[in-house]
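The lines below spell out each chain.
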Amino acid sequence: MNLASSHRRRLTLSLFVSWLVFSSAAVVIVIAAPAPPATVAASRVAITALAWAVITRLRGGGLGLAGVDGPTRRRIWISGALLGAHFSLWILSLTLTSVAHGAVLVGLQTLFAGLFGLFLGDRISWRLCAGVAVALLGTAILTGSDAGTATLLGDGLAVLAGACSAAYLVVNRGVGHALPLPMLLAWVNGVAALTIGGWILLSGGDFWVPGAGGAEVMAIFWLGLGPGLIGHGSMNWAARSLPVHVVSLTVLLEPAGAAALAWAALGQSFGWEEVLGAALLLVGAGISASDQGRVAPPD
């Protein structure tokens with residue numbers, strides 16, 4: 001097996017593992033209630049940051065930024081703020097809309113990533129334009145299937161969460177190889193935790209509420225160590241070699257797993273409009289990202 005083939009296999013495995021753990025995220029977030037959404041978001045990224053910091057130290061690396069240039073430091077802070085916004089918006093959206101809606105609409109991340117990737121030199125093609133048109137039709141059908149005010153607000157927050165996630169991947173990829181990946185993710189998640197924690201303090205929110213207990217704590221730890229450590233770690237590693245919109249294809253498979261888990265664990269059902277809208281949205285996002293371009297050589 002040559003080096004290029006081996007690297008492609010590792011990239012494929014990395015994205016597959018991301019899908020497995022990401023599929024559980026939406027359902028586990030629902031289980032984490034009645035903990036406040038912002039608390040769930042802050043706690044999960046704090047746990048992820050601590051885990052990456054431990055991994056960095058075990059590998060003999062340091063966590064100081066003394067030798068890092070100013071532009072790279074700014075990107076770390078911007079990336080962390082975007083990650084914090086992504087989790088805050090998405091976790092809040094799942095308190096206002098269904099798991100199926102939230103998981104599917106955050107998949108618009110792929111379309112945003114295709115557009116944002118232009119800033120990194122990723123080329124745009126007719127597939128992106130056609131995919132956007134199909135995905136927008138699917139989004140209209142999906143969000144129109146339940147026109148309640150709360151649901152529409154939750155759907156909108158999920159879309160914004162997808163945009164923040166795409167921007168986060170773009171900024172992280174822009175950092176390039178200036179930092180080892182474990183160190184970078186320790187800092188980015190740490191900044192995200194500080195950002196969300198600061199918002200909780202400024203808004204006068206609660207860090208915990210009576211009634212939240214062991215199940216909620218376990219759910220938050222899984223979010224930090226599963227989707228946070230394994231899922232986002234795998235995606236960021238793949239994003240160093242693949243266009244951002246290709247890496248974001250992982251989220252297109254997430255709704256299928258999330259919907260199945262929501263049906264089995266939470267008893268959530270789906271109407272034909274939701275199925276049709278979700279299918280069109282995912283097909284559109286898949287079309288837009290079907291041109292994989294060239295795979296960069298391994299580190």
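This report concerns the structure included in the present document. On a predicted model such as this, the values are computed, not experimentally measured, just so you know.

The rules behind these values
- Residues numbered from 1 in each chain as written.
- Predicted model: local features only at pLDDT ≥ 70, side-chain atom pairs only at ≥ 80, totals over all residues.
- Heavy atoms only, no water.
- Helix = DSSP H or I, 4+ residues; strand = E, 2+ residues; numbered from the N terminus.
- Buried < 20%, exposed > 50% of the residue type's maximum accessible area, 1.4 Å probe, protein only.
- Contact = heavy atoms within 4.5 Å.
- Areas by Shrake-Rupley, 256 points an atom, 1.4 Å probe, with all protein chains shown as cover.
- Axes fitted to C-alpha atoms, helices over the stretch in contact; angles between N-to-C directions.
- Parallel < 35°, antiparallel > 145°, perpendicular 65-115°, else oblique.
- Left-handed = near helix turned anticlockwise from the far one by under 90°.
- Nonpolar A, V, L, I, M, F, W, Y, C, P; charged D, E, K, R; others polar.
- Core = buried A, V, L, I, M, F, W, Y, C linked by side-chain atoms within 4.5 Å.
- Expected span 1.5 Å × (residues − 1).
- Polar contact = N/O pair within 3.5 Å; in protein donor to acceptor, adjacent residues only side chain to side chain.
- Lys, Arg positive; Asp, Glu negative; His and termini not counted.
- Salt bridge = Lys/Arg side-chain N within 4 Å of Asp/Glu carboxyl O.

## Here we look at the overall build of the chain
Item 1. What the chain contains, in helices and strands, is 13 helices and 0 strands.
Item 2. Buried positions account for 51% of the 299 residues belonging to the chain.
Item 3. Here the analysis covers contacts within the chain between residues at least 6 apart in sequence; of these, 89% occur between residues at least 24 apart.
Item 4. For the chain, the exposed area adds up to about 13,000 Å²; of that, 70% sits on carbon and sulfur atoms.

## Description of the environment of Arg173
Item 1. Summarising the element assignment, Arg173 is placed in helix α8 (residues 149–175).
Item 2. For Arg173, a relative accessible area of 24% gives the class partly exposed.
Item 3. Taking the C-alpha atoms as reference points, Arg173 and Ala238, 65 residues apart in sequence, are found 9.8 Å from one another.

## Remarks on the environment of Arg240
Item 1. Locating Arg240 in the fold gives a position in the loop between α10 (214–239) and α11 (244–247).
Item 2. Sequence separation between Arg240 and Val175 is 65 residues, and the spatial gap between their C-alpha atoms is 9.6 Å.

## A few points about the packing of helix α3 (residues 37–58) against α10
Item 1. Relative orientation of the contacting elements α3 and α10 amounts to 55 degrees, with a least axis distance of 8 Å. By the angle class used here, α3 and α10 are oblique. Taken as a pair, α3 and α10 cross one another with a handedness that is right-handed. In this structure, α3 contributes Val40, Ser43, Arg44, Ile47, Thr48, Ala51, Trp52 and Ile55 to the contact, and α10 contributes Ile220, Phe221, Leu223, Gly224, Leu225, Pro227, Gly228, Leu229 and Gly233.
Item 2. Class assignment of the residues belonging to the contact of α3 with α10 gives a composition of 11 nonpolar, 5 polar and 1 charged.

## Here we look at the nonpolar core
Item 1. In this structure, Val40, Trp90, Tyr168, Leu179 and Leu184 are the most contacted members of the largest nonpolar core, which totals 53 residues.
Item 2. Only α2 (25–32), α3, α4 (70–93), α5 (99–105), α8, α9 (181–203) and α10 provide two or more residues apiece to this core.
Item 3. Ranked by the residues each element gives to this core, the list is headed by α9, at 10 residues.
Item 4. Dropping the residues within four chain positions of it, Leu184 is found in contact with Ile76, Asn172, Val175, Leu179 and Arg240.

## Looking at α4
In an α-helix, one turn spans 3.6 residues; hence positions three or four apart end up facing the same way.
Item 1. Relative to the 34 Å expected for 24 residues at 1.5 Å per residue, α4 spans 35 Å between its end C-alpha atoms, a close match to the ideal helical length.
Item 2. Residues of α4 that are buried include every one of Thr72, Ile76, Ser79, Gly80, Leu82, Leu83, Gly84, His86, Phe87, Trp90, Ile91 and Ser93, and no others.
Item 3. A distance of 2.9 Å separates the backbone nitrogen of Thr72 from a side-chain oxygen at the start of α4, and that oxygen is part of Asp69.

## Considering the packing of α3 against α9
Item 1. Contact pair α3 / α9: the axes reach a minimum separation of 8 Å and the direction vectors enclose 155 degrees. Taken together, the axis directions place α3 and α9 in an arrangement best described as roughly antiparallel. For α3 against α9, the interelement crossing comes out left-handed. The residues of α9 that touch α3, namely those facing Ala38, Thr39, Ala41, Ala42, Val45, Ala46, Thr48, Ala49, Trp52, Ala53, Ile55 and Thr56, are Pro182, Met183, Leu185, Ala186, Asn189, Gly190, Ala192, Ala193, Ile196, Gly197 and Ile200.
Item 2. Classifying every residue of the contact of α3 with α9 gives 17 nonpolar, 6 polar and no charged.

## What to know about the side chain of Asp155
Item 1. If you trace the backbone, Asp155 turns up in helix α8.
Item 2. Lacking a salt bridge, the buried Asp155 has Arg44 as its closest oppositely charged neighbour, with an N-O distance of 17 Å.

## Observations concerning the environment of Pro34
Item 1. Turning to its location among the elements, Pro34 is positioned in the loop between α2 and α3.
Item 2. Linking Pro34 and Trp208, residues 174 residues apart in sequence, is a C-alpha distance of 8.8 Å.

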